[in-house]
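# Breakdown of the fold
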Amino acid sequence: MSTATEPSDYIIEQQQRVTSEFSFADTTDQQDADRGFIAALEPGVVEDADGNVVWDNDSYDFLKGSCPSSVNPSLWRQSGLNIRQGLYEVTEGIYQIRGLDLSNMTMIEGKTGVIVIDPLISAETAKAGLELYRAHRGDRPVTGLIYTHSHVDHFGGAMGVTTEADAESGRCPVIAPAGFLEHAVAENIYAGTAMARRAAYMYGAALPRGPHGTVGSGLGQTTSTGTVTLIAPTLDITETGQEETIDGVRIVFQITPGTEAPSEMNFYFPDHRALCMAENATHTLHNLLTLRGALVRDPHVWAQYLTESINLFGYDSDVVFASHHWPTWGTERLVEYLALQRDLYGYLHDQTLRRLNQGYVGSEIAEAIELPPALTAAWSTHGYYGSVSHNVKAIYQRYMGWFDGNPAHLWEHPPVESAKRHVEFMGGADEALRKARVSFDDGDYRWVAQVLNYVIFADPSNEAAKTLLASTYDQLGYGAENATWRNFFLMGAYELRNGKVGTPTKASSPTMMAALTIEQVFDAMALRLDGPKAWHEKAISDWRFTDEKRTHRLELRNGVLIHFDRRDGDKLPPADVTFTLTRPTLIGVLLAGQDLGAAMQSGALTIDGDAQSFAKLATLFDEPDPDFAIVTPE
């Protein structure tokens, strides 16, 4: 395995400037991150039932030392805060598990048990966290489960803290914002393969942990790799001001759709004077468009909801906590903290739109924009997870799309064909490499990356270009304050040197698939249909669902899979074939790889009509590729 290069003089000088420009002597965050500490998990490792390690916080112990020149000092500081691990008291009756996954798990003590907020990514880490809590606070039953929003690091460990039976019986109500289930499933199914592959770069799961590798992801350290589970909500929060009492604990909710997630909510505990901000206010600038891919978030709405949070709850709170990082105590401090977060998203939105309307494009605005001094000075607004650069480009994309209005960019060649022409115009690969080495020695790493990317896409076998580009990505990674940028650059270097690592983690799971609606199952099928192969095929089928008492029509025409519910008395043409089954059987046969013949033999599936038409239909689908190329052409 090839090794990384050492930081250049240019990077070392940059790290020294960072050290001198920011207030590293301010230890307020360190004090807050340590406040309320009760006990750590010893050792800080979680294994699954087979003995496989799914979480290893101890592997980041190197961050307890002094910052090396291969890591941006600001990022080193943030990662050192994120590795604090264990059980913490937030305020009387509220406790947090931190450092056992990318996210936090919070426990609210009720009359008879404990309410769990956001049970991490994996059932194994959630279970370990709950056991740590019980070891110090007593063996309390879980009497409520709250999902703050629809991202997997806030629900994946559900079955590590409770069961579907307890949820269905009402012993443990499961509470989520309206639309949670739809968005939680859709994000991980529709574009899940591509997102998971890019998430391998974003979180650097395959990178070695250390000064030349990953030092975390800014929002937390990394993602656990255990069993992702999902228990469907039993109580939806549909409006701001909705109040619920769970196990004697009063909770007032604020729905915040379209902020950090399409389905998200903050909530207030009036009897504790404590405010949970979900992932809408953390100690970093968040993403408006994640590097792994997602729908662009709305910073204008995000800022408005933060204002609403301050006005509804902030002035009546003594502590604010979130699903990542550490709490902030004191009414004045927490209001200012929330206001700075609000100002951050509002400023980026408004100033991007101002410059956009002056004719500047996203990449130009991203280079030119400067944050106000108060935002620059606050550690909590630094771009450890999101960044000013890619957030400004995301805002531009949200309003204007990918096209910047320049006709030269309207119909450019795709990457490989463009690369071949660029390299030819540069005078060939050897000349491009010669010039790239000069630029590398001059410290112009951004330009070297662009030039060498052309060379490699024109000729993927050019090992000299790969070697120099890997070294270039090393330097860009070492200099990055943003953890996900660092991981992306270093993962690019890693795969150039060692080959593709694929997708180390998966967000989808049997319990997540089980939550798919019938419509989502057929949507997922449609996304796998090979359109050109199916151009001339026609098929009509009806799907009778005995458990939901309805019939769904599936129609293939012109390479499109159309589906809809049938209505009583409709005048549709007869189906070629009719399937009778349940929704779980549909999911199992179409998406989970269950054997069709076995389902028919058991009676779980019956077929009336031309079964061959379905068999032919099955040949028209392809499979997504979780190992597609990123730093080289396919």
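Residues numbered from 1 in each chain as written. Predicted model: local features only at pLDDT ≥ 70, side-chain atom pairs only at ≥ 80, totals over all residues. Heavy atoms only, no water.

### Let's talk about the sheet that holds strand β20 (residues 577-581)
Read from one edge of the open sheet, five strands run β19-β18-β17-β20-β21, paired in mixed fashion. Each of the sheet's edge strands pairs with one partner strand only, and the pair in question is β19 (560-565) and β21 (606-609). Strand-to-strand twist across the sheet, computed as the mean angle between neighbouring axes with direction ignored, equals 20 degrees. Relative to β20, strand β17 (residues 539-545) is paired through five bridges, and the arrangement is parallel. (Pairing = 2+ DSSP bridges. Helix = DSSP H or I, 4+ residues; strand = E, 2+ residues; numbered from the N terminus. Axes fitted to C-alpha atoms, helices over the stretch in contact; angles between N-to-C directions.)

### Comments concerning the sheet that holds strand β1 (residues 37-39)
Overall, mixed pairing links the eight strands, which are arranged β1-β4-β5-β6-β7-β8-β9-β10 in an open sheet. Either end of the sheet is taken by a strand with one partner, and the two such strands are β1 and β10 (235-237). Taking each pair of neighbouring strands and ignoring which way they run, the sheet shows an average axis angle of 25 degrees. Inspection of the sheet shows β1 paired to strand β4 (residues 86-91) by two bridges, in the antiparallel sense. Along β4, the bridge assignment pairs Ala39 with Leu87. Against the sheet, helix α4 (residues 123-137) contacts β1, β4, β5 (94-98), β6 (105-109), β7 (114-117) and β8 (142-146), and its axis sits at roughly 40 degrees relative to β6. (Contact = heavy atoms within 4.5 Å.)

### Remarks on a nonpolar patch on the surface
On the surface, Trp402, Leu410 and Trp411 cluster together to form a nonpolar patch covering roughly 510 Å² of accessible area. Relative to the helices and strands, Trp411 is located in the loop between α12 (388-400) and α13 (415-426). On the accessibility criterion, Trp411 (81% relative accessible area) is exposed. (Patch = residues over 30% accessible without salt bridge, like charges linked within 9 Å, V, L, I, M, F, W, Y side chains within 5 Å. Areas by Shrake-Rupley, 256 points an atom, 1.4 Å probe, with all protein chains shown as cover. Salt bridge = Lys/Arg side-chain N within 4 Å of Asp/Glu carboxyl O. Buried < 20%, exposed > 50% of the residue type's maximum accessible area, 1.4 Å probe, protein only.)

### A short note on the pairing of β4
Where β4 lies against β5, five bridges are found, and the strand directions are antiparallel. Residue pairing across strands places Glu89 opposite Tyr95, the latter belonging to β5.

### Some thoughts on the packing of helix α16 (residues 463-479) against helix α17 (residues 483-498)
Interaxial distance between α16 and α17 falls to 8 Å at its minimum, and their mutual angle equals 160 degrees. Comparing their axes, α17 and α16 come out roughly antiparallel. By crossing handedness, the relation of α16 to α17 is classed as left-handed. The segment α16 lies against α17, with Lys466, Leu469, Ala470, Ser471, Tyr473, Asp474, Leu476, Gly477 and Tyr478 engaging Arg486, Phe489, Leu490, Gly492, Ala493, Leu496 and Arg497. A class-by-class count of the residues in the contact of α16 with α17 yields nine nonpolar, three polar and four charged. (Parallel < 35°, antiparallel > 145°, perpendicular 65-115°, else oblique. Left-handed = near helix turned anticlockwise from the far one by under 90°. Nonpolar A, V, L, I, M, F, W, Y, C, P; charged D, E, K, R; others polar.)

### Some details on helix α20 (residues 583-590)
Most of α20 sits out of view: six of its eight residues are buried. When α20 is considered as a whole, its buried residues turn out to be Thr585, Leu586, Ile587, Gly588, Val589 and Leu590. Contacts made by the buried residues of α20 are with α18 (510-514), α19 (518-526), β17, β20, α21 (596-602) and α22 (611-618).

### So, the packing of aromatic side chains
Under the defined criterion, the tally for this structure stands at 21 aromatic pairs. On the numbers, 5.1 Å between centres and 70 degrees between planes, the contact of Phe24 with Trp379 is edge-to-face. In this pair, Phe24 sits in the loop between α1 (9-21) and α2 (28-34) while Trp379 sits in the loop between α11 (373-377) and α12, placing the two residues 355 residues apart along the sequence. Taken together, the aromatic side chains of Phe253, Phe267, Phe269 and Phe321 make up a single cluster linked through ring pairs. The side chain of Arg35 reaches across the aromatic face of Trp329, ending 4.2 Å from its centre. The lysine or arginine in question, Arg77, covers the ring of Trp379, its NZ or CZ lying 3.9 Å from the ring centre. (Phe/Tyr/Trp six-rings, centres within 6.5 Å; stacked < 30°, edge-to-face > 60°. Lys NZ or Arg CZ within 6 Å of the ring centre and 35° of its normal.)

### A closer look at the packing of helix α9 (residues 331-356) against α12
Interaxial distance between α9 and α12 falls to 10 Å at its minimum, and their mutual angle equals 60 degrees. Classified by the interaxial angle, the pair formed by α9 and α12 is oblique. For the crossing formed where α9 meets α12, the hand is right-handed. Of the residues in α12, those touching α9 at Leu348, His349, Thr352, Leu353 and Leu356 are Val388, Asn391, Val392, Ile395, Tyr396, Tyr399 and Met400. Among the residues making up the contact of α9 with α12, the classes are represented as nine nonpolar, three polar and no charged.

### Description of unusual backbone geometry
Each neighbour pair has its own omega, and for Glu42 with Pro43 the value is -10 degrees, a cis peptide bond. Relative to the elements of secondary structure, Pro43 occurs in the loop between β1 and β2 (45-47). Within the chain, Leu120 stands out as a residue other than glycine whose phi angle is a positive 60 degrees. Positive phi is not limited to glycine here, since Asp247 has a value of about 50 degrees. Here Asp247 shows up in the loop between β11 (243-246) and β12 (249-255). The class for Asp247 is buried, based on a relative accessible area of 16%.

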